[in-house]
Each structure stands twice: as structure tokens, then as C-alpha cells.
Amino acid sequence: MSVRVMNASAETVLRHGMPLALVAICLYSTPQFLTTVSLPDVVALIGGLPAWVWLTAILFTVLSFYAVGQYDVLARRHLGLSGSEAHARQNGMMTVALSQVLGFGLITGGLVRYRLRPDEGALRAGQVTGLVTIFFLTGMTFATVFAIAISGTLIDSTFGIVALLGLVACMMVLTLLRPRVRLWHKEIAMPGLFAVAASIFWAVADVVAAAASFYILLPASVEITFLSFLPVFCIALAAGILSGAPGGVGPFELVLLGLTAPEFPAPIDQTCLLTAIFGFRAVYYLLPALIAAFFVLRAPTAAPKLGVTPRYVSTHRAPHAETKVIAQNGGQMIALASGTAALWPAGNSLVSLFDPTKPMGAAWLRDFKHYARSRNLLPVIYKCSARNAAMARKHGWRVVSVAKDAILTPTTFHVEGSKFSGLRRKLRKATSAGVTIEPLRPDHMTALAAIDAAWQARCGGARGGTMGRFCRCYLANQLVLVAEHHGTPVAFISLHQGLEEWALDLMRDDPSAPDGTMYLLVHHAIQMAAAAQVDELSLAAVPADCSDENGIWRKTLACLRENWAAKGLYQFKSAFAPRWKPLYMAAPGRFGLCIGAVDLLREVLRPAQLHSGVACDSEPALSDKREAWTLQLPEVSVPQQAAQ
């Protein structure tokens, strides 16, 4: 125990003592660069700076801190926190003004944010501080490479541009393909493409404005262009920030003096440089810190709320039964001002599944885009009706056909006639083999889990996103029918039950299941829906053939139909002679459509782990619900008419 305490104490001393030691070393080394500096000359130059120079430097400082405050806005959007964005920006500006002077940014930043928003707690303040740090370091890296690339002062411009493009490509690949990371047995959503792009934009604005504030304070005798000075300033600023030293004192000055020495491409007279350093410390560090301290030391006031706060609605009131799949993909039914919809965060996109509860119009599209923006996400509509697709296209959204849904009317469904000859043959085979259909019982669960595992091993794993996956607690809220062969479960299906429609979800069978078993399960479900007077039953969608589309989109969906066994699904569902309903995808522009398509494809092929990777040990209470289903399960009579 004593060894652990000593190790912890040593680690604490090193963590907090290293920045201070670094400051001492840098301050000791700095005078060696100041061999030709006269302090009276520095004071005289500072006193000779005109008022407009100081005012311009202050203006650039305000612009820089405005950009810095946007990091808090981005962090709070990512965490889904409510509150005024203007208030969040002000808090971010005050936090940075104090933490950059006090040093130890993660600690002091968290404490200041907690002081400004005590109602959110210390943990939330720490989360915001951590995200702000990630945003800043990412943006600062791009800003520094950008400054070096465009200036051509320190390295060749061609090499700098190639490095910048390489960073951009890596950033896009990481945000598109790896939106989640796994830490301590939990999956954590990382900032998406648009949040990272915004952080880079504000970082460039921040650094350029800060550099301009410093540059304007250089005496007029200094002959160096702003573009030549910018990369030097970026490197010095990064050194000061990464050192963790209070105000970056020491590393900032040492790097700045070293990179502007006569032997470097951007030389600056040491007396003039020290004049600008003192002025910059006063304008960019001391003045903002004093203003921020005045507001932070005051009693914190209640943060103003956003004008519109979304409400969460139960999926039991959703008009589309298939909407209930959001129980697995992390989506929620959210009531916006102009209508309720199932909204699902998928990587860089906020996907609206199916149609909203009210007719889609300009107001809903505007509210949806605003809400997606408040989460740093791109608005995408997926599997909407033709009417709503036309409305989205009318308001400038890019629309493509993605799927077609197989719809049946249970109350009028029958299997008579030549078009059902194949279905009748399958039904007779299953019943002749002794297959019976039973409602789900608690003792079925172990067998169903084994069937699902065998099916996944045979078919290459379960899809996710808009497709359900086997889970005890998920099935507890569905209608589940089990096919038994001589008393042994060999297949099962599950259905979502909505107010006016049912929708087919899971379909799993064992290799030993007799031919026609899955057809018999679906036929039983149709008869149950007819007995319950359900208006529609969806057999779920298959990828569209895209005969009306051109170019890469048509080729993409043709590939999906080939590789996702879509032809087999289409053939299976066609046996029931459904009505095919076209479904569409929409996003603001071609780029948004491509990003949304990548996000959806990734979520289907590589879905997040259920329950964050923790096994579902809950044994659903099935007895009451399944007894009610047992009463509704009708006797099925398979027509004996010969197949034609």
C-alpha cells in the first residue's frame, strides 16, 4: 500500500512539477538569446506604439476569443446539452482567458466551467473540457500545417500542401469509418466529420487572429510579411500550450526567439520582437484574464434555455411499426415543433427514419436541419414515402430511391389462384413434415439463441441499423412466432406491432428446418394480423432496383442486391404477392447524400454492440403477454388445391 501511495505521489509531483520546471529552464535559457536587447529601448518602443495599434490588437484578440468560444459550442452540441449557444460561447471565452494564464488547462478549465455552470455538475464540466481539448488540439494541428503550407517559409510549399491534404484525407477516413471507439468496455461516440471540420475552421480563425494581434504590435521598422510570420507564431504558440506552463511563459518566448534568429528564414530584431511579446502578453493574456476573473468570481447566474427544446416520445405512438427498431440502434422518437419523428444518430448523420407523424413540409425540414445542426450532425431522411420525398426535393434536397417495401392487407389476403401456387406448395411441404407454429414461451429462449447463433455463423453475422438483432429484452416487446418440428424449435420470426400496422423483423431458421417453414411462419403472422383487424402488414423492404436512377447510385444498389442476398429476399416476399411501395432517401445536396449513405452502410454492416457490449442477462417476463397471443393464434388451413 505504501509503495502505491509513494508512486501516486511521485506521479502527481512529476505531472504538476514538470511544467513549472520547464518554465524555469526556458526562462534561464531565454536571456542567452537576448544579447543585443536593451530594456530601455523596449520600454521606449512600447510607449511609442500609437493608440490605433493597441485598439487593432484588442480587436483581433476579441475575434480570436470568439473563435475559441466556439469550441464549447461544438462540445455541448456533441454531448447533447441544452442551453443558449451564446451563453456557452461566453463561458468558453472566459474559461480559456483564465486557464491559459493559470496553466494546467484540463484542471483549471474544468474548475472554471464548473463554477460557471454548477447545475450541470463537475463530471459534465470535465467532459466538456476534455472535448474542447480534443477539438483544439485537432484544429491546432491543421492550423499549424496550414500556416506552414501556405507560407513556404520553413519548408517547401509543395510538401506542406501534400502534408495538409494527407491530414484531411486521414481525418475524413477516421470520422467516416470509425465514429466510435471502445474504452473501458464501453463504446464512445467520437466527434464527427462536421464537428472536426468546424473545429479546424475555428482553430484557423483563432490562430490567424491571435497572430494578427501579435503582428500588429511589431514596430514599423520590422520588415517581415504576415504570411512569413504566421507559421513561426503557430509553432511557438503550440509549444507554449503543450508545455502546460502558466501562460505558456518560457517555451513560447524561447521558440519565438529561436525561429526568428538571423540564421532562420524569418529574422526579426530581438528588441522589436520583445516589444511585441510584452504588448501581446498584456493584450492577449492579462486583459482577458482580468475581465474573465471579474465575471467568474461573481455568483453564477442561471443559463438561458434554448427557444425550442425537443421532447422524447414513446415509440408506442409511432405511426410506423418498424420505427420500434430504434430500440436497438440508439434512436429516439423526438417531438420537434412541427412534428414527431424517429431520429437516429448514425456517425456523422442524424437519420430520420420513415415519415414524421405530421405531413412533411418546409417547417419540419427547417426544424429537422436546425436540430441536426445542434448535434453537429448532417440531416438525412431514410425510407420516406414518395409524397414526402417530393416535398424534400421541392425544398432543394437531393432525393434518390433506395428500397421498396412489401405491403400486404391481412384482412383480404388469400392464397387462392395461380399466382400463389408456389406459396401453397411451400405451405403443404411444411405442414406435411409436421411443422407447427407456437407463440414464444420462456423455455424457447435457449433454443432461439442457438438458432440465431447458427444462422449468423452460416450467413456471416447479423446486420444492424434498420434491421433488428437477436436480444432477449428486444424480443420481449415483439410478437414472436416459433416453428417446431416434432416439438423442437427450428425457426422463428418476430414482428413489430404498431397502432395500425405490423412489420416483419427477425427471420431465423436452423439448417434442419423442413422446406417451407419460413413461409408457414409468415402465413401464420398474416392470419393473426387479419384476426386482429390490422390494416397493413409489412414484410420489410428490399433494396430498390433503381431503374430510374443513373450513374454510380444505380451501380451501388445493384451491388447491394447482389451481395446482400436481396434477390433471395425479393423472391421469398414475392411469393405472397405484396404491393411494392417505393421508399426514398433525402439529404441537403449530393455531398450530404454520400456521407449519409456511407454512415447508413457502416451502421448496417458494422453495428454498435448491443448494450454497449454487456450481455443481456434479463429474462423477459413473457407469460402474460404470450398468453394473450396464444388466444389470438388462429388455426391455419392450407388449401389442398394442386400447385399449378
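Residues numbered from 1 in each chain as written. Predicted model: local features only at pLDDT ≥ 70, side-chain atom pairs only at ≥ 80, totals over all residues. Heavy atoms only, no water.

K.L.:
Any chance you could explain the overall build of the protein here in plain terms?
P.N.:
Secondary structure summary: the protein contains 22 helices and 14 strands in total. Within the protein, the fraction of its 644 residues that count as buried is 49%. Sequence-distant contacts, at least 24 apart, represent 75% of the contacts inside the protein between residues at least 6 apart. Total accessible area on the protein stands at roughly 29900 Å², and carbon and sulfur atoms take up 63% of it. (Helix = DSSP H or I, 4+ residues; strand = E, 2+ residues; numbered from the N terminus. Buried < 20%, exposed > 50% of the residue type's maximum accessible area, 1.4 Å probe, protein only. Contact = heavy atoms within 4.5 Å. Areas by Shrake-Rupley, 256 points an atom, 1.4 Å probe, with all protein chains shown as cover.)

K.L.:
Explanation requested: the packing of aromatic side chains in the structure shown.
P.N.:
For any pair of aromatic rings, geometry is given as the distance between the ring centres together with the angle between the planes. Inspection of every chain in the model, using the stated rule, returns 27 aromatic pairs. Between Phe280 and Tyr284, the ring centres sit 4.9 Å apart and the planes meet at 15°, which makes this aromatic pair stacked. Of the two residues, Phe280 and Tyr284 are both situated in helix α11 (residues 270–297); the distance of four residues between them amounts to about one turn of the helix. Just as Phe280 is buried, Tyr284 falls in that class too. Linked through ring pairs, Phe65, Phe214, Tyr215, Phe226, Phe229, Phe233, Phe252, Phe280, Tyr284 and Tyr285 together constitute an aromatic cluster. In this structure, Arg281 packs its charged tip against the face of Tyr285, placed 4.6 Å from the ring centre. (Phe/Tyr/Trp six-rings, centres within 6.5 Å; stacked < 30°, edge-to-face > 60°. Lys NZ or Arg CZ within 6 Å of the ring centre and 35° of its normal.)

K.L.:
Explanation requested: unusual backbone geometry in the structure shown.
P.N.:
Glycine aside, the phi torsion of most residues is negative, and most peptide linkages are trans. The backbone of Phe354 shows a phi angle near 65°, a positive value even though the residue is not glycine. The residue Phe354 is located in the loop between β6 (349–353) and α13 (362–373) in this model. One non-glycine residue with positive phi stands out, namely Ala540, at about 75°. In this structure, Ala540 sits in strand β13 (residues 536–543).

K.L.:
Any chance you could explain the packing of helix α5 (residues 105–116) against helix α6 (residues 121–151) here in plain terms?
P.N.:
The description of two helices packed together rests on the angle between their axes and the distance between the axes. Taken N-terminus to C-terminus, the directions of α5 and α6 make an angle of 130°; their axes are 8 Å apart at the nearest point. Relative to α6, the element α5 lies oblique. For the pair α5 and α6, the sense of crossing is right-handed. Along its contact with α5, which presents Gly105, Leu106, Gly109, Gly110, Arg113 and Tyr114, the element α6 presents Gly121, Ala122, Ala125, Val128, Thr129, Val132 and Thr133. For the contact of α5 with α6, the class distribution of residues is six nonpolar, six polar and one charged. (Axes fitted to C-alpha atoms, helices over the stretch in contact; angles between N-to-C directions. Parallel < 35°, antiparallel > 145°, perpendicular 65-115°, else oblique. Left-handed = near helix turned anticlockwise from the far one by under 90°. Nonpolar A, V, L, I, M, F, W, Y, C, P; charged D, E, K, R; others polar.)

K.L.:
I'm lost on a nonpolar patch on the surface in this one. Help?
P.N.:
Together, Leu55, Ile58, Val62, Leu287, Ile291, Phe294 and Phe295 give the surface a local cluster of nonpolar side chains, amounting to about 650 Å² of exposed area. Looking at the nonpolar patch, the elements that each hand over two or more residues are α3 (51–79) and α11. No other element matches the four residues that α11 contributes to the nonpolar patch. One can find Phe295 in helix α11. Under the relative-accessibility criterion, Phe295 is labelled partly exposed at 40%. (Patch = residues over 30% accessible without salt bridge, like charges linked within 9 Å, V, L, I, M, F, W, Y side chains within 5 Å. Salt bridge = Lys/Arg side-chain N within 4 Å of Asp/Glu carboxyl O.)

K.L.:
What am I meant to see in the pairing of strand β5 (residues 339–346) here?
P.N.:
In the case of a regular strand, side chains alternate between the two sheet surfaces. Most of β5 sits out of view: seven of its eight residues are buried. Bridge analysis of strand β4 (residues 332–336) against β5 gives five bridges, and the strand direction is antiparallel. Considered in β5, the bridge of Gln332 is made with Leu343. Hairpin connection from β4 to β5: two residues lie between these consecutive antiparallel strands. In terms of strand pairing, β5 meets β6 through five bridges, oriented antiparallel. Opposite Pro345, over in β6, you have Leu350 as the bridge partner. Taking the residues between adjacent antiparallel strands as the criterion, β5 and β6 are bridged by two residues, where Gly347 takes a positive phi near 65°. (Pairing = 2+ DSSP bridges.)

K.L.:
Please clarify how the side chain of Ser213 should be interpreted in this entry.
P.N.:
Relative to the helices and strands, Ser213 is located in helix α8 (residues 193–216). Judged by relative accessible area, which is 0%, Ser213 ranks as buried. Among the polar contacts made by the side chain of Ser213, one reaches the side chain of Thr61 at a distance of 3.1 Å. The residues contacting Ser213, other than those within four sequence positions of it, are Ala57, Phe60, Thr61, Phe280 and Val283. (Polar contact = N/O pair within 3.5 Å; in protein donor to acceptor, adjacent residues only side chain to side chain.)

K.L.:
Got a minute to help me understand the pattern of salt bridges in this structure?
P.N.:
If the charged atoms of two oppositely charged side chains come close together, the side chains can form a pair. In this structure the tally under the stated criterion is 15 salt bridges. In this structure, the salt-bridge partner of Asp515 is Lys426, at a minimum N-O distance of 3.0 Å. Pair noted here: Asp515 is in the loop between β12 (501–509) and α18 (517–531) and Lys426 is in helix α15 (residues 421–432), with a separation of 89 residues, a long-range link. With relative accessibility at 24%, the residue Lys426 sits in the partly exposed group. As a salt-bridge pair, Arg579 and Glu536 come within 3.0 Å of each other at their nearest N and O atoms. Of this pair, Arg579 sits in strand β14 (residues 579–587) while Glu536 is found in strand β13, placing the two residues 43 residues apart along the sequence. When its relative accessible area of 44% is taken as the criterion, Arg579 is described as partly exposed. Linked through salt bridges whose partners overlap, the residues forming this network are Arg76, Arg117, Asp119 and Glu120.

K.L.:
Whenever I open this one, the environment of Val400 confuses me. Can you help?
P.N.:
Assignment of secondary structure puts Val400 in strand β8 (residues 398–408). Of the residues examined, Val400 reaches a relative accessible area of 3% and is grouped as buried. Along the backbone, Val400 and Leu583 are 183 residues apart, and their C-alpha atoms lie at a distance of 8.9 Å.

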